[in-house]
Amino acid sequence: MVRVDEAVDLANDEADLAAEALVETLSAELPLDPEGRPKIVEVRFVVEEDWSGVRLDHYLKAKIRRLSRTRIQDIIRTELTGPNGRRMKPHSPVMAGDTILIHRPARPEPSCPRTFEVLASDPDYLVIDKPAGLAVHASARYYFNTLTRVLRERFPAEPLQIAHRLDRETSGCLIVARSKEAATLLKGAFARRAVTKTYLALVYGTPSWPEDAGTVIDLPLALADASSSRLRVRMEAAPGRADALAAVTHVKIVRRANDVTLVACRPVTGRQHQIRAHLAAVGHPIVGDKLYAHGDEAFARYCDRQTSITDDEVRAEFGLARQALHAASLRFPHPRSGEEVLVESPLPEDIRAYLATKGG
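Overview of the structure.

Rules used throughout
Along every chain, residues carry numbers that run from 1 in the direction the sequence is written. pLDDT decides what is reported in this predicted model: residues at 70 or higher carry local features, side-chain atom pairs at 80 or more are listed and counted, and totals for whole chains, interfaces and linings draw on all residues regardless. By convention in this description, side-chain values take in all heavy atoms of the structure and omit both hydrogens and water. Note on conventions: DSSP H or I runs of at least 4 residues are helices, E runs of at least 2 residues are strands, and numbering of each starts at the N terminus. Type-normalised accessible area, obtained with a 1.4 Å probe on protein chains alone, sets the label of each residue: buried when under 20%, exposed when over 50%, and partly exposed for intermediate values. To measure how exposed things are, a 1.4 Å probe is used in the Shrake-Rupley method; for residues, cover is taken only from the protein chains shown. This arc is built from the directions going out from the helix axis to the C-beta atoms. In this description, contact between two residues means that some pair of their heavy atoms is separated by no more than 4.5 Å. Only one rule defines a salt bridge in this text: a Lys or Arg side-chain nitrogen within 4 Å of an Asp or Glu carboxyl oxygen. The rule for pairing is simple: two strands pair if DSSP sees at least two bridges between them. Here, the term nonpolar core denotes a set of buried Ala, Val, Leu, Ile, Met, Phe, Trp, Tyr and Cys residues that are joined through side-chain atoms within 4.5 Å. Two N or O atoms count as a polar contact when they lie within 3.5 Å, although within protein this holds only if one can serve as hydrogen donor and the other as acceptor, and sequence-adjacent residues are included solely when both atoms are side-chain atoms. Note on geometry: axes are C-alpha line fits, over the in-contact stretch for helices, and angles between N-to-C directions span 0 to 180 degrees. Working rule for angles: under 35 degrees goes down as roughly parallel, over 145 as roughly antiparallel, 65 to 115 as roughly perpendicular, anything else as oblique. Two rings belonging to Phe, Tyr or Trp (six-membered ring only in the last case) form a pair when the distance between their centres is within 6.5 Å. Interplanar angles under 30 degrees mark stacking, angles over 60 mark edge-to-face geometry, and anything in between is tilted. Definition used: whenever NZ (Lys) or CZ (Arg) falls within 6 Å of the ring centre and also within 35 degrees of the ring normal, the charge is taken to sit over that ring.

**Considerations on the overall build of the protein**
- From N to C terminus, the protein includes nine helices and 16 strands.
- Buried residues in the protein amount to 52% of all 360 residues.
- Working note: accessible area of the protein is about 16500 Å², and carbon and sulfur atoms make up 51% of it.

Rendered as C-alpha cells:
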C-alpha cells in the first residue's frame, strides 16, 4: 500500500512542484537500457547567491518541496555528491556556485504518449497539442516520459523553453518559446494576464447556470490543510483563510448530455488546479478527475497502481482514463510584433466518445 509521503510525491507530479528548479540531464556516461531509457537519473542543482551559507537539507527542502525531511536526509546519505564529488551531510552549508548532483536509479514509468501535433509554428514559438498523460516536466514519477525530454529529442538544436504548464492529464494547447528572448516575453504575457486561455471540461451533473450568460466562480483557493486532506496537494475553496489566494473562473455551458455537461472555462487568475477545484467546489467535478471527483483515498489507490493498472481498469473505476479537461484555445500577443495570435485545438476523441455515450 502506498505510504502517505509516497502518495504526496506522486500527487505532486500533477502540479510539477519546483520543476523549474530541477535541471534534468542525461550525459553519454549515464547507462541506458536497451530501449535508450536511463537506468540512472541525474538531477543537478547550482546554488544561487541568495542561498549561500544555508544548510544543505534546508536548501533541498526548498527546492524539492514534495519530499519529506526523512526522504531528503536519505537522499543526502545515499544519492548526493557535492562540489568535486565530495560527500555532504544534512547540516553542511552550501555556497553560491556549488554544483550538487543527485544520482538515483530510474523508477519504472507509466506508459504514456510521446508524440504530439504542432498546431502553430513561428520563428519565435511553437504551439503544440499536448496529449493527455504526457507530463510537462520531470518529477517524482516521470523522467524519460516528459514533454521537456520529447522536445529535446524532436528539436535537438533549439533552445526551447515551455512558457506555461498543463497538468499531466490535461490535453491541448501549450506554448513553447524558441529562444530565450521569446520565452521572457511570452512568460511575461502570462504573468500580466495578457493571454486568454479557454478550456473545455466535461463535468458531472446538470448545472443550473443560464445557458447564454453562464456563471462566474469567484472563490479564493488554498492548499487543503491536514484536517481535510492527508495528501496536502488538493486545493480547496477557502474564503476567509489568510493564506487563500483570489481565484476567478468564467464558466459557460456548451452542451448538456443527460447526467454530464460540457462547459467552457476561462480562468482569469492562474492558481494551481484552479478549474478543477472551482468546478468541484460548486458541485460539478470533472469527469475522470481522480482527486477532485473521487477524493484522496481513491487518488492514493490509483497512485499505488499507476505502473500496472490498465486504461480499461481506470475507466471502469473513474469513467475516463484521464480527467476530461482540455486546453481548447490560446489567444496571446506575438512576442515580436505584439499582434494577437489565436490557436485552437479540437476536443480530443476520448472526451467526444464519452460524451457520445451520454447522448451528447
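**Let's talk about helix α9 (residues 349-357)**
- Among the residues making up α9, those that are buried are I351, Y354 and L355. Buried residues of α9 fall within an arc of 100° about the axis and therefore sit on the same side.
- Turning to α9, the residues buried within the fold contact β9 (196-204), β13 (248-257), β14 (260-267) and β15 (325-333).

**Concerning the pattern of salt bridges**
- Evaluation of the coordinates by the stated rule reveals 25 salt bridges.
- R55 is paired through a salt bridge with D57; the nearest N and O atoms lie 2.8 Å apart.
- Judged by its relative accessible area of 35%, R55 falls in the partly exposed class.
- D259 is paired through a salt bridge with K358; the nearest N and O atoms lie 3.5 Å apart. Of the two residues, D259 is situated in the loop between β13 and β14 and K358 in the segment after α9; the sequence distance between them amounts to 99 residues.
- When salt bridges with common partners are traced through the structure, they connect R234, E236, R241, D243 and D296 into a single cluster.

**Notes on the pairing of strand β8 (residues 171-177)**
- With seven of seven residues buried, β8 lies mostly within the body of the structure.
- Strand direction decides the pairing type here: strand β6 (residues 125-130) and β8, joined by six bridges, are antiparallel. Residue pairing in the sheet places I128 in a bridge with L174 of β8.
- Sheet topology places strand β7 (residues 161-162) next to β8; two bridges connect them, and they run antiparallel.

**Here we look at the nonpolar core**
- Ranked by size, the top nonpolar core spans 43 residues in total, and within it L202 and L279 carry the most contacts.
- Aside from chain neighbours lying at most four places away, what touches L279 is A201, V203, W209, I217, V251, C265, H284, P285 and I286.
- Listed in part, the 18 residues of the second largest apolar core include F45, L80, I100 and Y143.

**Observations concerning the side chain of Q274**
- Residue placement: Q274 occurs in helix α6 (residues 274-281).
- For Q274, the side chain forms a polar contact with the side chain of T249, separated by 2.8 Å.
- Ignoring any residue separated from it by four or fewer positions in sequence, one finds Q274 in contact with L221, A247, V248, T249, P267, V268 and T269.

**A few points about unusual backbone geometry**
- With a phi angle near 60°, N84 is a residue other than glycine that sits in the positive phi range.
- Tracing the backbone shows N84 in the loop between β3 (80-81) and β4 (99-105).
- Its identity as a non-glycine residue notwithstanding, N258 has a phi of 55°, on the positive side.
- Along the chain, N258 turns up in the loop between β13 and β14.

**Some points on the packing of helix α7 (residues 296-305) against helix α8 (residues 311-318)**
- Relative to each other, α7 and α8 sit at 175°, their axes nearing to 12 Å. By the criterion of interaxial angle, the relationship of α7 to α8 is roughly antiparallel. On the side of α7, the interface is formed by A298, R301, Y302 and R305, while α8 contributes V314, E317 and F318.

**As for the environment of A293**
- Looking at the secondary structure, you find A293 in the loop between α6 and α7.
- Those residues in contact with A293 that sit more than four places away from it in its chain are Y204, P285 and I286.

**Considerations on the packing of aromatic side chains**
- Counted under the stated rule, the structure contains four aromatic pairs.
- Ring centres of W51 and Y59 lie 5.6 Å apart, and the angle between their planes is 80°; on these two criteria the pair is classed as edge-to-face.
- Looking at Y59, the relative accessible area reads 0%, which means it is buried.
- Their ring planes at 90° and their centres at 6.2 Å tell us that Y302 and F318 sit as a pair that is edge-to-face. Of this pair, Y302 sits in helix α7 while F318 sits in helix α8, placing them 16 residues apart in sequence.
- One aromatic cluster is present, formed by F45, W51 and Y59 through successive ring pairs.
- Sitting above the plane of the F116 ring, R154 keeps its charged end 4.4 Å from the centroid.

Shape is all these values report; function is a separate question.
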